[in-house]
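# Close look at the chain arrangement
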Amino acid sequence: GIQVEQSPPDLILQEGANSTLRCNFSDSVNNLQWFHQNPWGQLINLFYIPSGTKQNGRLSATTVATERYSLLYISSSQTTDSGVYFCAYSSGNTGKLIFGQGTTLQVKP
Amino acid sequence: SAVISQKPSRDICQRGTSLTIQCQVDSQVTMMFWYRQQPGQSLTLIATANQGSEATYESGFVIDKFPISRPNLTFSTLTVSNMSPEDSSIYLCSVESGRGWDTEAFFGQGTRLTVV
């Protein structure tokens, strides 16, 4: 079946460091999104990025659909970046998202 | 984008009881989705709710346990029935916003359920 794999599963950074999170998916992509889940459980939309590159402040993302992967870049990390980062994607037009297992990021002051 | 109001935000319930979670969207949408996130796990789709028809459940989820209502294009409820401690999870509703193939998913704040 359709699979989504995220790496690394856990990441500890010192404040100010940069990081790259990866998401591999097994099928052609219609929708790919990155989310940040805060400590209260709320999912915050970071990027809708089925292809190409986008940037929003210290965050940027790139999806190479032909090679079935997406990357999330976090630069100059801050303690508030801590939490779980999920990628999720759908293939086709059903609207159903399949989530990866997440990357748990801890940024230390 | 879409603004989704979900309530309650959290609840502690006795085993054997039922809890109904409400999800209100600020615009009309065709499909609404319900997800479950068990402790320390990722999100899993429970069902897709279309207005005017029965919800479509994913493998491993059944209507008797998770009945869903979709009375109009801006509202849906999910009931967790006959709860056990294993039902302790975060439940989230979601909708898509956009046009055609270019649609983005948005989520409610989630309902953190603890069953004791």
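Below: a short report on this structure. (Residues numbered from 1 in each chain as written. Chains lettered and ligands numbered in written order. Predicted model: local features only at pLDDT ≥ 70, side-chain atom pairs only at ≥ 80, totals over all residues. Heavy atoms only, no water.)

Quick look at the sheet that holds strand β3 (residues 19-25) of chain B now. Within a beta sheet, neighbouring strands are joined by backbone hydrogen bonds and run either parallel or antiparallel to one another. Residue and element names in this part refer to chain B. Spatially, the four strands line up as an open sheet ordered β1-β3-β8-β7, and their pairing is antiparallel. Two strands lie at the open edges of the sheet, namely β1 (4-7) and β7 (68-72), each paired on one side alone. When the angles between neighbouring strand axes are averaged without regard to direction, this sheet yields 15 degrees. Here β1 runs beside β3; their pairing, made up of four bridges, is antiparallel. Within β3, the position partnered with S5 by the bridge is Q24. (Pairing = 2+ DSSP bridges. Helix = DSSP H or I, 4+ residues; strand = E, 2+ residues; numbered from the N terminus. Axes fitted to C-alpha atoms, helices over the stretch in contact; angles between N-to-C directions.)

Moving on to the pairing of strand β5 (residues 43-48) of chain A. All names here are of chain A. Two strands pair when backbone bridges link them, and strand β4 (residues 31-37) and β5 are joined in this way by five bridges, in the antiparallel orientation. Among the inter-strand pairings, W34 is bridged to a residue of β5, identified as F47. What sits between the antiparallel neighbours β4 and β5 is a turn of five residues, in which G41 has the positive phi angle 95 degrees.

A word on the packing of aromatic side chains. Scanning the entire structure with this criterion turns up nine aromatic pairs over all chains. Aromatic side chains F25 of chain A and Y89 of chain A sit 5.1 Å apart centroid to centroid with 35 degrees between the ring planes, which places their arrangement in the tilted category. Residue F25 of chain A is located in strand β3 (residues 19-25), and its partner Y89 of chain A is located in strand β9 (residues 83-90); the two are separated by 64 residues in the primary sequence. Owing to a relative accessible area of 5%, F25 of chain A belongs among the buried residues under this scheme. The class of Y89 of chain A is buried, set by a relative accessible area of 0%. Aromatic rings pair up to connect F35, F86 and F99 of chain A together with Y35 and F107 of chain B into one cluster. For the cation-ring pair, R22 of chain A lies above Y69 of chain A, with the distance from its terminal atom to the ring centre recorded as 4.2 Å. (Phe/Tyr/Trp six-rings, centres within 6.5 Å; stacked < 30°, edge-to-face > 60°. Buried < 20%, exposed > 50% of the residue type's maximum accessible area, 1.4 Å probe, protein only. Lys NZ or Arg CZ within 6 Å of the ring centre and 35° of its normal.)

Without other data, these values stay purely geometric and don't point to any function.
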